[in-house]
Amino acid sequence: MTLALAAGLGLEAAGERLSRTGRTRVPGLLGEGAEVLHEALTGPDMVWYRAIRNPFNADVPVAVFEAEPVAEQARLYGMAHEEATEGFQFIFDRIRLGQARTMEMPLPPALYELHDLFNSEAFLGMARRLTGDDRIAYVDAQPTRYMPGHFLNGHTDAHDDAGRLYAYVLNLSPRWRAEWGGLLMFLDEGGAVTETFMPAFGTLNVFRVPQDHAVSMVAPFAGAPRYSVTGWWRTRSPA
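The rules behind these values
Going along each chain's sequence as written, the residues are numbered from 1 onward. The predicted nature of this model means local features are confined to residues of pLDDT at least 70 and side-chain atom pairs, given and counted, to a pLDDT of 80 or more, with totals for whole chains, interfaces and linings taken over all residues. Excluded from the side-chain calculation are hydrogens and water; included are all heavy atoms of the structure. Salt bridge, as used here, is a side-chain nitrogen of Lys or Arg placed within 4 Å of a carboxyl oxygen of Asp or Glu. A helix here means a DSSP run of H or I that spans at least four residues, while a strand means a run of E at least two residues long, and both kinds are numbered starting from the N terminus. Buried residues are those whose accessible area, probed at 1.4 Å on protein chains only, stays under 20% of the maximum for their type, while exposed residues exceed 50% and partly exposed ones sit between those limits. A cavity, in this analysis, means grid points on a 1 Å lattice covering only the protein atoms where a 1.4 Å probe fits yet has no way out; a pocket is instead an open set bounded by protein on both sides within 12 Å along at least five of seven lines, and a residue lines either one if it has an atom within 4 Å of a point. Grid points are joined across faces, edges and corners, and a volume is the space filled by probe spheres set on the points. Residues are sorted three ways: Asp, Glu, Lys and Arg are charged, Ala, Val, Leu, Ile, Met, Phe, Trp, Tyr, Cys and Pro are nonpolar, and all the rest, Gly among them, are polar. Fitted lines through C-alpha atoms give the axes, limited to the stretch in contact for helices. The angle between two N-to-C directions lies from 0 to 180 degrees. Convention used here: angles under 35 degrees read as roughly parallel, angles over 145 as roughly antiparallel, angles from 65 to 115 as roughly perpendicular, and any remaining angle as oblique. Whether two residues are in contact is decided by their heavy atoms: any pair within 4.5 Å suffices.

Here the focus is the pattern of salt bridges. In total, this model carries 15 salt bridges according to the counting rule given. Across the salt bridge formed by Arg53 and Glu83, the nearest N and O atoms sit 3.1 Å from each other. Taken as a pair, Arg53 in the loop between strand 2 (49-52) and strand 3 (60-61) and Glu83 in helix 4 (residues 70-84) lie far apart in primary sequence, 30 residues in all. Given a relative accessible area of 40%, Arg53 falls into the partly exposed group. Classification of Glu83 as partly exposed rests on a relative accessible area of 34%. As a salt-bridge pair, Arg94 and Asp59 come within 2.8 Å of each other at their nearest N and O atoms. Residue Arg94 is found in strand 4 (residues 90-94), and its partner Asp59 is found in the loop between strand 2 and strand 3; the two are separated by 35 residues along the sequence. Accessibility expressed as a relative area gives 21% for Asp59, which makes it partly exposed. In the salt-bridge network here, residues are joined through shared partners; they are Arg50, Glu66, Asp93 and Arg145.

So this is what it looks like as structure tokens:
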């Protein structure tokens, strides 16, 4: 199946909400393509790296992380949780498609096809219509997987010289439940939650950068990992 934008996306209403609140949702972005991407992310050919904030900005292959003794894995999680009480921290699995493509990594073809679609004139035109922002010139992408205990605490996505205009999340978890966590939460200056987006299968979340937000911890009893593809709509491609 070739991935493509679905018809009848209702961009006018979604764009009005974005203009008014700084964030919006577009249900059914790729139609049946969401099923194709979910199969790719959960299939045997998928490669994941564990992201935990560290001075080297380096992710560790999940296979390597899980080969460590259980006590060592617990120690690393404990250090991350301790840092998260006072500052910015995260734990989740991902792979950066731009880097993977440069390295010619053998990922499921649907993921590279998605990266191509995101940077096609059809998609970039849709993004510009939705936002009213003609500066959008590049879309990066990273598939993400939040397992039980994974989280992303409060931050704004601000990054000097990165050309980030809007952040997005393409949700790829079927039948998600709010009590499982993994909720995209928007925060005010005092850290209070002002709005929450639950992962809705096939729905695209978009919000203006910078904007305070977080992803709540996925519960130990969650019935599945939380899958998505995330990234930024940028003025230019990253280095």
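Below, the discussion takes up the layout of surface pockets. Of the pockets and cavities examined, the largest pocket occupies roughly 1100 Å³. Mapped by element, the contributors of at least two residues to the lining of the largest pocket are strand 4, helix 5 (97-102), strand 6 (142-146), strand 7 (151-155), strand 8 (164-171), strand 12 (213-215) and strand 13 (226-234). Broken down by element, the lining of the largest pocket gets its largest block of residues, six residues, from strand 13. Across the lining of the largest pocket, the residue classes break down as 19 nonpolar, 15 polar and eight charged. Computed from the structure, the second largest pocket encloses a volume of approximately 280 Å³. Every residue lining the second largest pocket is counted, 16 residues in all, and those nearest its centre are Ile52, Arg53, Asn54, Phe65 and Leu76. When residues of the lining of the second largest pocket are traced back to their parent elements, those giving at least two are strand 2, helix 3 (62-67) and helix 4. A total of five residues in the lining of the second largest pocket trace back to one element, the largest contributor, which is helix 4. Residues that form the lining of the second largest pocket fall into these classes: nine nonpolar, two polar and five charged.

Our next topic: helix 6 (residues 109-118). Counting buried residues along helix 6, seven of its 10 residues qualify, which places the element largely inside the surrounding structure. Within helix 6, burial applies to Ala110, Leu111, Tyr112, Leu114, His115, Leu117 and Phe118.

Before going further, it helps to examine the packing of helix 1 (residues 11-21) against helix 7 (residues 121-131). Where helix 1 meets helix 7, the closest approach of the two axes is 7 Å, and the angle between their N-to-C directions is 55 degrees. Judged by the angle between their axes, helix 1 and helix 7 are oblique. Each of Leu11, Ala14, Gly15 and Leu18 in helix 1 lies in contact with helix 7, whose residues at this interface are Met126, Arg129, Leu130 and Thr131. Taken together, the residues that form the contact of helix 1 with helix 7 break down as five nonpolar, two polar and one charged.

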